[in-house]
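# Report on the structure
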Amino acid sequence: MNQVLTQKPHDMLAATLSEEMAAVNTLIRTRMASEHAPRIPEVTAHLVEAGGKRLRPMLTLAAAKLCGYRGDNHVKLAATVEFIHTATLLHDDVVDESGQRRGRPTANLLWDNKSSVLVGDYLFARSFQLMVETGSLRVLDILANASATIAEGEVLQMTAASDLATNEDIYLQVVRGKTAALFSAATQAGGVIADASEAEVQALFDYGDALGIAFQIADDLLDYQGQSSATGKNVGDDFRERKLTLPVIKAVAQATDEERAFWQRTIEKGRQEDGDLEHALSLMGKYNTLGATRDDALGWVAKAQTALTALPDDPIRTMLHDLSDYVVARLN
């Protein structure tokens, strides 16, 4: 694990794919331009160039290269994936009324909600143009389905986030929608464009799905035990925003009547007072829900790594294996 921490596998993957990622970044800058609406590149550039790891497009490139692809359509697919991701972030920040993203003010704060929503729509449209250019109907089907699943997951989260009836199965359904769907589509599409075998395409989907779930569980855990300087968020933001994530869901499931009343007041009704976050953390500590959540993340990492065994033995496969470890290593 120490090796993973010091070498940062996403940096190793970025170095290995540097030529392709440079092409992706050039394509992104070209396609986010607008002759008639200069606000579009302004808003998009604020988020696209905010220093994100470009993890999802890298997964597309890595999957294609791992399966022996030699063309350039994987670059278009990687840009597509990043556009879909960026569009969802723009929309999410409006829905969540967020003021910070990656340690910087959000687009909706700097401009307005209308600009964020409409620019997100523009990026979705651009993403579908790029999909069509690959000439693969199956890839179009994968990414179109993922886009619908992401929207579905966000709507489900909106209705379930503050409902104490939300259990771990519903949480997993939300996570599969809002996060894992794009991870699995990114890896699966890379295999399809490389004309990989059905077993390899399925393995890539399974890897992306498990990696995305582990990634989101880790993010939700970091909200309660991370550092703002590293996460770009304030500790306890999810609690203040009344989001039922896995650490809280586990605490609610074991709560006494008195504890349940606390969760109803703070999460369902939103009547939060000074000291409530500290009390919430004490209840999570009482039932060790942070530790249990971390164990769940580790379980999904193991599933991701098992899926990789069906893929060609290659340095990229090793990097993908280490990447899944690093998702949880962030929690140490």
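I will try to describe carefully the structure that is included in this document.

The rules behind the values
- Each chain carries its own residue numbering, running from 1 in the written order of its sequence.
- Totals for whole chains, interfaces and linings use every residue, but because this is a predicted model, local features are given only for residues with pLDDT of at least 70 and side-chain atom pairs only at 80 or more, for both listing and counting.
- Just so you know, side-chain values use all the structure's heavy atoms and leave hydrogens and water out.
- By the criteria applied, helices consist of DSSP H or I runs no shorter than four residues and strands consist of E runs no shorter than two, each listed in order from the N terminus.
- Per-residue accessibility, obtained with a 1.4 Å probe over protein chains only, is compared with the maximum for each type, and a residue is labelled buried under 20%, exposed over 50%, and partly exposed between these values.
- In the sections that follow, a salt bridge refers to a side-chain nitrogen of Lys or Arg positioned within 4 Å of a carboxyl oxygen of Asp or Glu.
- In these notes, a set of buried Ala, Val, Leu, Ile, Met, Phe, Trp, Tyr and Cys residues joined through side-chain atoms within 4.5 Å is what counts as a nonpolar core.
- The contact definition used throughout considers only heavy atoms, calling two residues in contact when any of these lie within 4.5 Å.
- An axis is simply a line fitted to the C-alpha atoms; with a helix, the fit covers only the stretch in contact. Between two such axes, the angle follows the N-to-C directions and lies from 0 to 180 degrees.
- Working rule for angles: under 35 degrees goes down as roughly parallel, over 145 as roughly antiparallel, 65 to 115 as roughly perpendicular, anything else as oblique.
- Crossing handedness follows the turn of the near helix against the far one: under a right angle anticlockwise gives a left-handed crossing, and clockwise gives a right-handed one.

Let us now look at the environment of A22. Along the chain, the position of A22 falls in helix α3 (residues 18-31). Note on A22: relative accessible area 42%, which makes it partly exposed. Remark: the alpha-carbon pair of A22 and V75, spanning 53 residues in sequence, is separated by 9.4 Å.

To continue, consider the pattern of salt bridges. This structure, assessed with the given rule, holds 14 salt bridges. We note a salt bridge from K250 to D296, for which the minimum N-O separation is 3.1 Å. Residue K250 is located in helix α14 (residues 246-253), and its partner D296 is located in helix α17 (residues 289-308); the two are separated by 46 residues in the primary sequence. In this structure K250 comes out as buried when scored by relative accessible area, which is 11%.

Turning to the nonpolar core, a few remarks are in order. What tends to happen in soluble globular proteins is that the nonpolar side chains get buried as a cluster. L13, L59, Y207, W263 and L320 are the most contacted members of the largest nonpolar core, which has 97 residues in total. Other than its neighbours up to four places away in sequence, Y207 contacts L59, T187, A304, A307, L308, L320, L323 and S324.

Another aspect to go through is the packing of α3 against helix α5 (residues 55-66). Interaxial distance between α3 and α5 falls to 10 Å at its minimum, and their mutual angle equals 135°. Accordingly, the angle class assigned to the pair α3 and α5 is oblique. Once α3 is placed against α5, the crossing between them reads as right-handed. Here E20, M21 and V24 of α3 come into contact with α5, specifically with M58, L61 and K65.

Turning our attention to the environment of K76. In this structure, K76 sits in helix α6 (residues 73-95). By relative accessible area, which is 21% here, K76 ends up partly exposed. Distance in space between the C-alpha atoms of K76 and L130 is 5.9 Å, their sequence separation being 54 residues. Once residues lying within four places of it in the same chain are set aside, the contact partners of K76 are L27, L130, E133 and T134.

Function-wise, these values are silent; they only describe arrangement.
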